[in-house]
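Structural overview
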Amino acid sequence: MTNEATSAVLCVRDLHGWYGDSHVLHAVSFDVRPGQLVTLLGRNGAGKSTTLKAMMGLLDKRRGSILFRGKETIAAQANQIARQGLAYCPEDRGIFATLSVEENLRLPPKIRDGGMGIEAIYRLFPNLKDRAKSVGTKLSGGEQQMLAIARILRTGADTLLLDEPTEGLAPVIVKQIGAVIRELKGLGYTILLVEQNIKFAAKVADQHYVLENGRVVEHIPHAAHADEVRGIANYLHA
Amino acid sequence: MHNLMDTLSNLSIDAFMGQLMLGLINGAFYAMLSLGLALIFGMLNIVNFVHGAQYMLGAMLAWILLQTLGINYWVSLLLAPFIVGAFGLLLERFVLRRVYALDPAYGLLLTFGIALLLEGSFRQKLGSSGQPYAIPAELRGGWDLGFMYMPTYRAWVLIASITICFAVWYVFERTRLGSYLRAATEKPQLVRAFGIDVSKMINLTYGLGVALAAVAGVLAAPIYQVSPLMGSNIIIVVFAVVVIGGLGSMSGAIVSGFLVGFVEGLTKVFYPAASSTVVFVLMACVLLVKPAGLFGRRA
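1. Examining the overall build of chain B
- Regarding its fold elements, chain B presents 12 helices and two strands.
- If you list the helices and strands of chain B from N to C, you get α-α-α-α-α-β-β-α-α-α-α-α-α-α.
- For chain B, the C-alpha atoms occupy an extent of roughly 65 × 50 × 35 Å along the three principal directions.
- In chain B, which comprises 299 residues, the proportion classed as buried is 46%.

2. Describing the nonpolar core
- Core analysis: the largest hydrophobic core is formed by 154 residues, its most contacted members being Leu161 of chain A together with Leu35 and Ala59 of chain B.
- The biggest single contributor to this core is helix α2 (residues 13–44) of chain B, with 16 residues.
- Ignoring any residue separated from it by four or fewer positions in sequence, one finds Leu161 of chain A in contact with Leu52, Met55, Met56, Leu86, Ala87, Tyr88, Cys89 and Leu192 of chain A.

3. Digging into the interface of chain B and chain A
- Contact residues are listed per partner, giving 13 residues for chain B and 18 residues for chain A.
- Put simply, the parts of the chain that give the side of chain B that touches chain A at least two residues each are α7 (176–186) and α8 (188–193) of chain B.
- The residue inventory of the side of chain B that touches chain A, partitioned by class, reads five nonpolar, three polar and five charged.

4. Side note on the pairing of strand β4 (residues 61–68) of chain A
All names here are of chain A.
- As paired elements, strand β1 (residues 10–19) and β4 share seven bridges and run antiparallel to each other. Looking at β4, one finds that Arg13 is bridged to Ser65.
- Counted between consecutive antiparallel strands, the loop separating β4 from strand β5 (residues 71–72) contains two residues, among which Arg69 sits at a positive phi close to 55 degrees.

5. Notes on the sheet that holds strand β9 (residues 207–212) of chain A
Residues and elements named next belong to chain A.
- With mixed pairing, six strands are arranged side by side in an open sheet as β6-β7-β8-β3-β9-β10. Across the chains shown, the open sheet's two edge strands, defined by having one partner strand only, are β6 (86–89) and β10 (215–220). Each adjacent strand pair in this sheet contributes to an overall mean axis angle of 20 degrees, direction not counted.
- In this fold helix α2 (residues 48–56) packs onto β3 (37–41), β6, β7 (159–163), β8 (190–195) and β9, with an angle of close to 145 degrees to the strand it touches most, β7.

About the cut-offs
- Residues numbered from 1 in each chain as written.
- Chains lettered and ligands numbered in written order.
- Predicted model: local features only at pLDDT ≥ 70, side-chain atom pairs only at ≥ 80, totals over all residues.
- Helix = DSSP H or I, 4+ residues; strand = E, 2+ residues; numbered from the N terminus.
- Buried ≥ 20, exposed ≤ 12 C-beta atoms within 10 Å, placed from the backbone.
- Core = buried A, V, L, I, M, F, W, Y, C linked by C-beta atoms within 7 Å.
- Contact = placed C-beta atoms within 7 Å.
- Nonpolar A, V, L, I, M, F, W, Y, C, P; charged D, E, K, R; others polar.
- Pairing = 2+ DSSP bridges.
- Axes fitted to C-alpha atoms, helices over the stretch in contact; angles between N-to-C directions.

Shown next as structure tokens:
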């Protein structure tokens, strides 16, 4: 194993995944190093969200290797993986309709010390404080997204899997989410971000992996060169 | 209209209140049983057809404990639900768990089969006639309230049932544990991905739901006869209660349990022949107006 792989927080090798009988991930490999923000880019159906689900243990079947802090998690259950410090923010945001905003926020159990306190979370997301007693799903789309990110910051997990946090949101909200993600990176969180919004991704990420048909087709280690970004855009819009 | 007025004026207030009280007592059992069913359906997505048999097991166990070991009502009230609940934990862990991935019809058939097995084996041993269970000495007698006679034991059942229903509702709707249960009912996979062992929660929920049925069974023992078929007599009405309240709704199960008991009681006063059918008429009417039930969350 190379040095690079061993120093990675997440080291995914040869990952295959299935929904029922259909084989959707084909030998996906990538690394995420401590404190980095890495994006998985690609079109709808490229396998980005599926990769995150596979990492969380939410697929019917998966094979290959996923090292999290050097520990193999390919055979672990979702709840065991979460307990190791991997936190997940799903694409549909996963806000519970039968829980208030505050209950949503307090739902994920603390897995270790060092998570954000409720007050710190409310400072980061002031809207949520005003709506604490509302039903979770009565929030606007942007607020629901904030809530979905906010609730995994309490747990002490320091590695975040964020699935398209900007999807379907107004530009001004996308900007706010971008600011939050940059702040989280500044706080030392390691982040794996699934995105389709290339402009947004280029601004925040350290490196990119482009997925197509369940395979990694491009790795761009240094972000934000204008022509590279255009190159990725071709994958997304072709 | 005249007919109704005649009936009303001929009716003694005592008899009227007596019937309503009987209805409310039935309602207390409907509420406890439908609450357990709703809890189980929410978490397991299984229609627990063995619920009636588990209610019977509670009563039967209390009777057997008294006959063989001389264990009294109060001890049985704790012991029987504990034993039946433990049986539920094992049943979920080793049997029910195998059908979650299949069509819900399999869960229904499986639990229905287990109910037949349980009822059949007790009938084989004890016959289908009921056994009396004496009211504990502390709860004998009653009060004359002026407009009606209130037996102490029935008052106790009402109070116990309301307390139990409220406690379960409170835990489910107002506590942190309850928020886990509600969340796991809604999106079990995501709750797993937060590090919560949903399988264990499902196991304990089933055990709790089953224990609730057994508590109802012990409470019922001195009122109804303890018989192997007591559960299958009540369970069909309880299913209708759950549908009226709204599948998966705790408050719906409680309110519609008492409501159905009340309506049955009223029907017994005015048109006794319809008293065992009225619940299904009520169910049809509610479904026509609110297809998800009175407290149903989904349309």
